[in-house]
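# Topology and contacts: notes
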Amino acid sequence: MSAELDELYQSIILDHNRRPRNYRVMDDASAHADGQNPLCGDQLTIWLKVDGGRISDVSFQGSGCAISKASASLMTAAIKGKTREEADALFTKFHGVVTGAHPEDAESMGSLKALGGVSRFPLRVKCASLAWHAMHAALAQHADATPPAPVSTE
Ligand code: ZN
């Protein structure tokens, strides 16, 4: 990675840390989950609203390092409007990029690729993926709360 790109990616992370997107409590969320990364002291809560299988709104609040906060902010911007399946697929892809398992996927991830650099810092991988794990947990919770489809009596 060139020094210029490194700088660009750092500026994306610093910007999202300073002015996190979707940073608020959501009173009418359909699911929420807490995430904690004791190794770094990061903690956050993710709120989700799912309508007809689509994430119509997502927000977060918490405290922690710049990476965890920027990653949460970028995550909320990336999954808003996506279906549950799309959000889970993005989570898998993101995880592959930050752990260094699939660095080639970074190019198709928009601003999220700014976090690809954490793959060089194993302790930071947990900071970057914290919000995603919480989002994943909140989505799973939502699945449990969905009433089963009506059974046909024909
Ligand atoms: Zn952290």
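Cut-offs applied
- Residues numbered from 1 in each chain as written.
- Predicted model: local features only at pLDDT ≥ 70, side-chain atom pairs only at ≥ 80, totals over all residues.
- Heavy atoms only, no water.
- Helix = DSSP H or I, 4+ residues; strand = E, 2+ residues; numbered from the N terminus.
- Contact = heavy atoms within 4.5 Å.
- Salt bridge = Lys/Arg side-chain N within 4 Å of Asp/Glu carboxyl O.
- Expected span 1.5 Å × (residues − 1).
- Buried < 20%, exposed > 50% of the residue type's maximum accessible area, 1.4 Å probe, protein only.
- Pairing = 2+ DSSP bridges.
- Axes fitted to C-alpha atoms, helices over the stretch in contact; angles between N-to-C directions.
- Parallel < 35°, antiparallel > 145°, perpendicular 65-115°, else oblique.
- Nonpolar A, V, L, I, M, F, W, Y, C, P; charged D, E, K, R; others polar.

## Examining the side chain of threonine 83
- Position of threonine 83 among the secondary structure elements: in the loop between helix H2 (66–79) and helix H3 (84–98).
- If we ignore the near neighbours within four places in the chain, the residues touching threonine 83 are Gly53, Arg54 and Ile55.

## Digging into the pattern of salt bridges
- The tally for this structure, following the rule as stated, stands at 6 salt bridges.
- In this structure, the salt-bridge partner of aspartate 6 is arginine 120, at a minimum N-O distance of 3.8 Å. With aspartate 6 in helix H1 (residues 3–18) and arginine 120 in the loop between H3 and helix H4 (122–145), this pair connects stretches of sequence that are 114 residues apart.
- Between arginine 21 and aspartate 15 there is a salt bridge; the shortest N-O distance is 2.7 Å.
- When salt bridges that share partners are traced, they join Asp15, Arg19 and Arg21 into one network.

## Section: H2
- Here H2 contains 14 residues, and its C-alpha end-to-end distance of 20 Å stays within 8% of the 20 Å for a straight helix at 1.5 Å per residue.
- Among the residues making up H2, those that are buried are Ile67, Ser68, Ala70, Ser71, Ala72, Ser73, Leu74, Met75, Thr76, Ala78 and Ile79.
- Taken from the residues just after H2, glycine 81 is the one with a positive phi, measuring 90 degrees.

## Structural notes on the pairing of strand S2 (residues 42–51)
- Where burial is concerned, most of S2 is hidden: 7 out of the 10 residues are buried.
- One ladder, built from 7 bridges, connects strand S1 (residues 31–37) with S2; its direction is antiparallel. Bridge assignment links aspartate 34 to a residue of S2, and that residue is threonine 45.
- The loop that links S1 with its antiparallel partner S2 comprises 4 residues; one of these, glycine 41, has a positive phi angle of about 90 degrees.
- In the sheet, S2 pairs with strand S3 (residues 54–63) via 9 bridges, with the strands oriented antiparallel. Its bridge partner being in S3, aspartate 51 is matched across the sheet by arginine 54.
- The turn linking S2 back onto S3 is made up of 2 residues, and glycine 52 within it adopts a positive phi angle of 55 degrees.

## Regarding the packing of H1 against H2
- Contact geometry of H1 with H2 gives a least axis separation of 8 Å together with a crossing angle of 85 degrees. Between H1 and H2, the crossing angle belongs to the class labelled roughly perpendicular. Residue-level contacts link Ile12, Ile13, His16 and Asn17 of H1 to Ala66, Ile67, Lys69, Ala70, Ser73 and Leu74 of H2.
- Counted by class, the contact of H1 with H2 contains 6 nonpolar, 3 polar and 1 charged residues.

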